[in-house]
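Below, each chain spelled out in residue letters.
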Amino acid sequence: MQIIKYIRLGLFLLLMLLVPVAAMANEDEAGGEINVQEIIFDHMSDAYEWHLWGHTHISLPVIVKHHEGGWEIFSSARFHESADGTYKGFYIDKGRKGKVYEQGYEDRPWDVSITKDVVQIWINIFVLLLIFIPCARWYKKRLAEGDHAAPKGFKGAVEMLTMYIHDDVIKACIGEKHYRPYAPYLLTVFFFIFVTNLVGLLPIFPGGSNVTGNLSITMLLAVGTFLLVNIFGNKEYWKEILWPDVPMMMKCPVPLMPVVELIGIFTKPFALMMRLFANMFGGHTVILSLTCLIFITWKVSTGMGASMTVVSFLMLIFMNCLELLVAFLQAYVFTMLSSVYIGLAHPGHHK
Amino acid sequence: MGNMPSILTPDFGLLFWMLVSFLVVFFLLAKYGFPAILGAVEERKNFIDESLKNAREANEKLAGVKAESEKLLREAREKQAQIIKEAMATRDSIVAEARDKAQAEGRQLLEEAKKQIDAEKDNALRDIRSQVADLSVQIAEKVIRRQLSGDGEQEKYIERMLEDVK
C-alpha cells in the first residue's frame, strides 16, 4: 500500500510539472513576451467571464444601464461575437481596467454585472450555508430529542471553531456585557472571510477568484465595522473622542486631541480594510509570481527552466501552506480587531 | 486613479452585489445558523453544570446513607450483644431455677420415701407385734397346755419355744 501511495504521489507531482509546460506551449502559440504584471493582475482582477483552461471560459451575465436609460442584460459572450467587440453600444475597454463602457461616453455606465467575483461570493455563501445550516439542523434535532451529546467529526470542528471565535475573540474583546448582539454579525464576518480566503487559494474553477484581495470587498466589511462602532457607541465613547481626559491645553484653545480622535475613527476601519486586502493580495501575488517564474525560466533555457520548476514547485507548496495560515489569521485578526473596536465603543464608567 | 489596477478601485457593481449577498448570508446565518449552535452549546453547558451539581448532591446523599447504614449496623450489633446477654441471663436463671426445682423435688421424693419407709416400718412393726401377740397367745396356749403335764418340763419347753420364736 505504501508503495502505491508513493507511486501515486510521484505521478501527481509529475503531472504538476507537466501542467506549466503545457501551459507554456499555449503561451508560445500566442507568441508574446510574458508580461508578469499583466498576468498577475489579470488573474486577480474581476472579470465578466470565468477563465477555466486554455481558451475555455464561462461567460457571465452583464447587467448595464444605458446613459439614455434602459437596462440591458446579456451574456458577456456577445462581446466576442461581433467583430469590433461591441454589443448594443457597450464594449469592454481593456485599456481602462477591462470594464464595460458605452460608446460615445467617457464615464462608466451603471454596471451591476454578475462578474466572476460576484459568482465567487455566491459560491462562498453556498459553502457557508452548506456548512452551517445542516449543522444547525443537527443541533436542533438532537436538542428536540433531549440529547446534549457533543458532535463528532466535521460538526465538532465547526462547533470548536465557532465557539473559539465566539468565546475567545468576540466575548473576550467586546466584554461580557455587550457582546451578545454583535456575535452573529462578527461570526458571519469571520466565517465569510475565512471561507473566502480558503476558496481563493483553490487554483481551479469553484474557487480561485481573488475576493478578499479586492479592495471593494474589504472596504464593505470595514464599513460594516465602522457603522457598528459609531452607531452603537455609547455616551462615554463619544465623550472620550470629543472631550478626552487629557490636560486642558490639549483640547481647549486648539482641539488637538479631539481632532486626533476623530481621525482615529476613520483610520481604524481603514487599517482593517488595508490589512485584509494587502495580505490576501500579497499572498496571491507571490504565488502567481512563483508560477510565472517557471514560464520565464523555461523561455531562457530548458535546463534552467527544469531546475527552476522544481524550486518554484517547492516554494509554491510552502507558500500555499503559509497562505492557509494567513487565510485563518487574517479572518481572525479582522474579527478580533472589529471586536476590540466595538468593545472600545462601549467603555464602562471609569473606576 | 485612472491607471490603478481594478482591485484597488472600488467598483459599484461589485460593492452592490457584495452588500446584497453579505446581507443575505448574514441574515440566514444569524437566524438559522449560529443561534442553534450557540444555543446548543449553552444548553449543553447548563446540562453539564446541572449534571455535576446532581452528581455532587447524589454523592452527598450517598455519604449520608452510608453513615446512616453504619449507624444502623452499629445499633444492630449493640442490640445483638444485648440480646445475647439477656439470653445468657435467662438461660442461667432457667438453669438455676431448674436446679432448685430438681433439688426441691428430690428432697420431696426423699421425704415421701422416708415417710413411706416409716409407714412400712410401722406396718411391719405392727405386723410383727400382732404376730408376736399371736405367737405369744399360741405359746401361752401351749405353755398353758404343758403346765398340765409338769413344771420343769414346762419351763424348758417355754424356753425352747421362746428360742424358736426368736
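Before any of the text, the structure's been laid out above.
Residues numbered from 1 in each chain as written. Chains lettered and ligands numbered in written order. Predicted model: local features only at pLDDT ≥ 70, side-chain atom pairs only at ≥ 80, totals over all residues. Heavy atoms only, no water.

Trainee: An account of the pattern of salt bridges is needed here, citing residue identities and associated values.
Mentor: Under the definition given, this model contains 10 salt bridges over all chains. A salt bridge links A:Glu159 to B:Arg44, with the nearest nitrogen and oxygen atoms 2.8 Å apart. Residue A:Glu159 is found in helix α5 (residues 153-174), and its partner B:Arg44 is found in helix α1 (residues 12-147); the two belong to separate chains. Several salt bridges share partner residues, and in doing so they unite A:Lys99, A:Arg108, A:Asp111 and B:Asp11 into one network. (Salt bridge = Lys/Arg side-chain N within 4 Å of Asp/Glu carboxyl O. Helix = DSSP H or I, 4+ residues; strand = E, 2+ residues; numbered from the N terminus.)

Trainee: Please set out the sheet that holds strand β7 (residues 99-102) of chain A residue by residue, giving values where relevant.
Mentor: All names here are of chain A. The strand order across the open sheet built from 3 strands is β5-β6-β7, with neighbouring strands paired in antiparallel fashion. Edge positions in the sheet fall to β5 (86-87) and β7, since each of these pairs with one other strand and no more. For β5 and strand β6 (residues 90-93), the ladder comprises 2 bridges, and the chain directions are antiparallel. The residue of β6 that forms the bridge with threonine 86 is tyrosine 91. (Pairing = 2+ DSSP bridges.)

Trainee: Would you mind going over the interface of chain B and chain A in detail, with residue names and values included?
Mentor: Taken together, the contact between chain B and chain A spans 36 residues of the former and 55 residues of the latter. Together, the buried faces of chain B and chain A total about 4100 Å²; carbon and sulfur atoms form 79% of this surface. There are 3 salt bridges connecting chain B and chain A. Note that B:Asp11 and A:Lys99 form a salt bridge whose closest N and O atoms lie 3.6 Å from each other. On the surface where chain B and chain A come into contact, there are 8 residue pairs in polar contact (both at pLDDT 80 or more). Across the side of chain B that touches chain A, the residue classes tally to 27 nonpolar, 6 polar and 3 charged. (Contact = heavy atoms within 4.5 Å. Buried area = accessible area lost by both parts, 1.4 Å probe. Polar contact = N/O pair within 3.5 Å; in protein donor to acceptor, adjacent residues only side chain to side chain. Nonpolar A, V, L, I, M, F, W, Y, C, P; charged D, E, K, R; others polar.)

Trainee: So what about the layout of surface pockets? Which residues, and what values?
Mentor: Taken as a whole, the second largest pocket encloses approximately 300 Å³ of empty space. In terms of lining, the second largest pocket is formed by 14 residues, of which the most central are A:Tyr185, A:Gly224, A:Leu227, B:Leu19 and B:Leu23. Those elements giving two or more residues to the lining of the second largest pocket turn out to be α7 (215-232) of chain A together with α1 of chain B. Broken down by element, the lining of the second largest pocket gets its largest block of residues, 8 residues, from α7(A). Its residues assigned to classes, the lining of the second largest pocket comprises 13 nonpolar, 1 polar and no charged. (1 Å grid on protein atoms, 1.4 Å probe; cavity = no way out; pocket = protein on both sides within 12 Å on 5 of 7 lines; lining within 4 Å. Points joined across faces, edges and corners; volume = space filled by probe spheres on them.)

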